[in-house]
Amino acid sequence: MENFANKLLQHYDQHARALPWRLTCDPYKIWLSEIMLQQTTVATVTPYFLKFLEHFPTITELAKADLQEVLTLWQGLGYYSRARNLHKCAQVVVSDYDATFPSTEKELLSLSGIGPYTAAAIGAIAFENHTTVVDGNVERVISRLYRIEEPLPNSKKAITAKAKTLTPQKRSGDYAGAIMDLGATICTPKKPNCSGCPVADLCKSAFTEDASTFPRKIKKKKPPSYQGTAYCIFDKQGKIYLQKRADKGLMAELWEVPNENWPDKENTNLTDKKVAAFIKKSVFESCGDIKHTFTHFKLTLDVQVYKTDKPLEQTFGLDALPPLPTLFHKVIAKALEA
Ligand code: SF4
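Residues numbered from 1 in each chain as written. Predicted model: local features only at pLDDT ≥ 70, side-chain atom pairs only at ≥ 80, totals over all residues. Heavy atoms only, no water.

### A word on the confidence of the model for the protein
In step 1: In this model, the protein carries a mean pLDDT of 93, and residues with pLDDT of at least 70 account for 99%.
In step 2: Ranking the elements of the protein by mean pLDDT puts strand 6 (residues 268-269) last, at 78, and helix 4 (residues 59-64) first, at 98. (pLDDT = per-residue confidence, 0-100. Helix = DSSP H or I, 4+ residues; strand = E, 2+ residues; numbered from the N terminus.)

### Here's the deal with helix 2 (residues 27-37)
In step 1: Here helix 2 lies mainly inside the structure; 9 of its 11 residues are buried.
In step 2: Within helix 2 the residues assigned to the buried category are P27, Y28, I30, W31, L32, S33, E34, I35 and M36.
In step 3: A distance of 2.9 Å separates the backbone nitrogen of Y28 from a side-chain oxygen at the start of helix 2, and that oxygen is part of D26.
In step 4: Just beyond helix 2, the residue with positive phi is Q39, at close to 55°. (Buried < 20%, exposed > 50% of the residue type's maximum accessible area, 1.4 Å probe, protein only. Polar contact = N/O pair within 3.5 Å; in protein donor to acceptor, adjacent residues only side chain to side chain.)

### Looking at the packing of helix 8 (residues 116-127) against helix 11 (residues 172-186)
In step 1: Running from N to C, helix 8 and helix 11 cross one another at 125°; their axes reach a closest spacing of 6 Å. Considering their axes alone, helix 8 and helix 11 lie oblique with respect to each other. Across from Y117, A124 and I125 in helix 8, the residues of helix 11 making contact are S172, G173, A176 and M180.
In step 2: Its residues assigned to classes, the contact of helix 8 with helix 11 comprises 5 nonpolar, 2 polar and no charged. (Axes fitted to C-alpha atoms, helices over the stretch in contact; angles between N-to-C directions. Parallel < 35°, antiparallel > 145°, perpendicular 65-115°, else oblique. Contact = heavy atoms within 4.5 Å. Nonpolar A, V, L, I, M, F, W, Y, C, P; charged D, E, K, R; others polar.)

### Describing the pairing of strand 8 (residues 298-307)
In step 1: Most of strand 8 is tucked away: 7 of the 10 residues are buried.
In step 2: Summarising the sheet, strand 1 (residues 225-234) and strand 8 pair through 10 bridges and their orientation is parallel. Opposite Y231, over in strand 8, you have Q304 as the bridge partner.
In step 3: Bridge count between strand 7 (residues 285-293) and strand 8: 7 bridges; the pairing is antiparallel. Note that in strand 8 the partner of K291 across the bridge is T300. (Pairing = 2+ DSSP bridges.)

### A short note on the environment of H130
In step 1: For H130, the position within the fold is in the loop between helix 8 and helix 9 (136-146).
In step 2: Taking the C-alpha atoms as reference points, H130 and R171, 41 residues apart in sequence, are found 8.6 Å from one another.
In step 3: Those residues in contact with H130, other than ones at most four positions away along the chain, are T167, P168, Q169 and S172.
In step 4: Looking at H130, its side chain comes within polar contact range of the main-chain oxygen of T167, at 3.4 Å.
In step 5: A polar contact is formed between the side chain of H130 and the backbone oxygen of P168, at a distance of 3.4 Å.

### Thoughts on the nonpolar core
In step 1: Of all hydrophobic cores here, the largest spans 97 residues; its most connected members are W31 and I142.
In step 2: Considering every element that reaches this core, the biggest residue donor is helix 8, with 8 residues.
In step 3: The residues contacting W31, other than those within four sequence positions of it, are I59, L62, L86, C89, A90, F101, I114 and I122.
In step 4: Among the nonpolar cores identified, the runner-up in size contains 9 residues, and Y231, L270, V275 and F278 belong to it. (Core = buried A, V, L, I, M, F, W, Y, C linked by side-chain atoms within 4.5 Å.)

### Details of unusual backbone geometry
In step 1: Between F214 and the following residue, P215, the backbone shows a cis peptide bond with an omega angle of 0°.
In step 2: When you line up the elements, P215 lands in the loop between helix 11 and strand 1.
In step 3: Cis geometry is found at the peptide bond from W262 to P263, where omega equals 0°.
In step 4: When you line up the elements, P263 lands in the loop between strand 5 (259-260) and strand 6.
In step 5: Even without a glycine there, the phi angle at D98 is positive, about 55°.
In step 6: Within the secondary structure, D98 sits in the loop between helix 6 (81-96) and helix 7 (105-109).
In step 7: On the basis of relative accessibility, which here comes to 67%, the residue D98 falls in the exposed class.
In step 8: Despite not being glycine, F207 shows a phi value in the positive range, around 60°.
In step 9: The residue F207 is located in the loop between helix 11 and strand 1 in this model.
In step 10: Assessed through its relative accessible area of 58%, F207 is described here as exposed.

Following this line, the structure appears as C-alpha cells:
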C-alpha cells in the first residue's frame, strides 16, 4: 500500500471539500469543529460552527461565557454533554495553558470531551503531529480496503493498526482530511463509488458486490421503547411553565416541561411540589403523541395541555425560551397545534 497516501493526497489537492474549518490551522477552530462533528453531519454543523465563532471568536470568550448561553447556542445539535464539556475544556485551556491549546496527544486527552479520535484529529490538523484518525468513515474505508471479516467493535484494534501503517510522515493534517473525505463522499455506507475512487486499484473490495457489507457489524439489540406524559401549562399571556433539569444525567441543566412515567411508571419529573399537585388536580387536554429517538431508547410522549388564568412562576415567552432539548421543542410544537 505504498502509494495509498500519495494517491489520496493528490486527489485531495483537487477535490477537498470546502469546509469552513478547513481554512485554518487554529487549534481552537479545529477543536470546535471536531467536537461538533461527533455524531453529527457536516451540513448540520456548519451553521452552528459559524454562529459559535461569531459569539466566541476566541477560546477566552468561550471560557468566560455563562454555561446557559453556551447551551442556548448549542440547541438543536443534541448530545448536550458535548456542550458542557466544551465549556469546561475552554476554561481549563484558559486557566492552565494560558489560552493556548496544548499540542501533545497526552495533554489533549486530559481535557474534557476529547477522546482518542478528537485528540488525533486536533494533533494532525492543527499541529501536524504524526497521529492517525480513526472515525466511522475511516473504519469503513480500511475494512473495505483489506476486507476485514471480523465484525466491529472487535475489529477496531486491527483497523487502527492498518490505518496507522497507511498514515504518511508528512502532511498529517491533509491526510486526515483526505481519508475522512474519501469515506464521506466516495466510499459511502450504502453505495461506494468505486469508479470515482482514487485508491480503487489498491482496494480488495473495489467493484465487488458486497463492498457495502463492510465493515461487518455485530447485530445490535433492538432499543427499548418507553411511553410517558408531558404537561404543557400556558398562562394568560401564552407563556409556558418550564423547570430546569438536574445538573447530572440525561439532558442535564437543560429546561423542560413537567413530565413523568418514563422510562418507567414510577419515574416522575414533576420537580416542584406545587406544580405536581396542580397537575394532579387539573384536567388536561391531550393533543397527541410525539416520538423521539435517543441513542439507547425510543420515547413516545403523550402531550397534555392546560391553559390557566392563574399567575405562574417560571414562565417563558415562546420567543425567549431557555436552552431546551429537541425533545421538548417537539413537545411544545405539538402543544401549540391544540
Ligand atoms: S474502491 Fe470502492 S470500496 Fe474500495 S475504498 Fe474505493 S470506494 Fe471504497
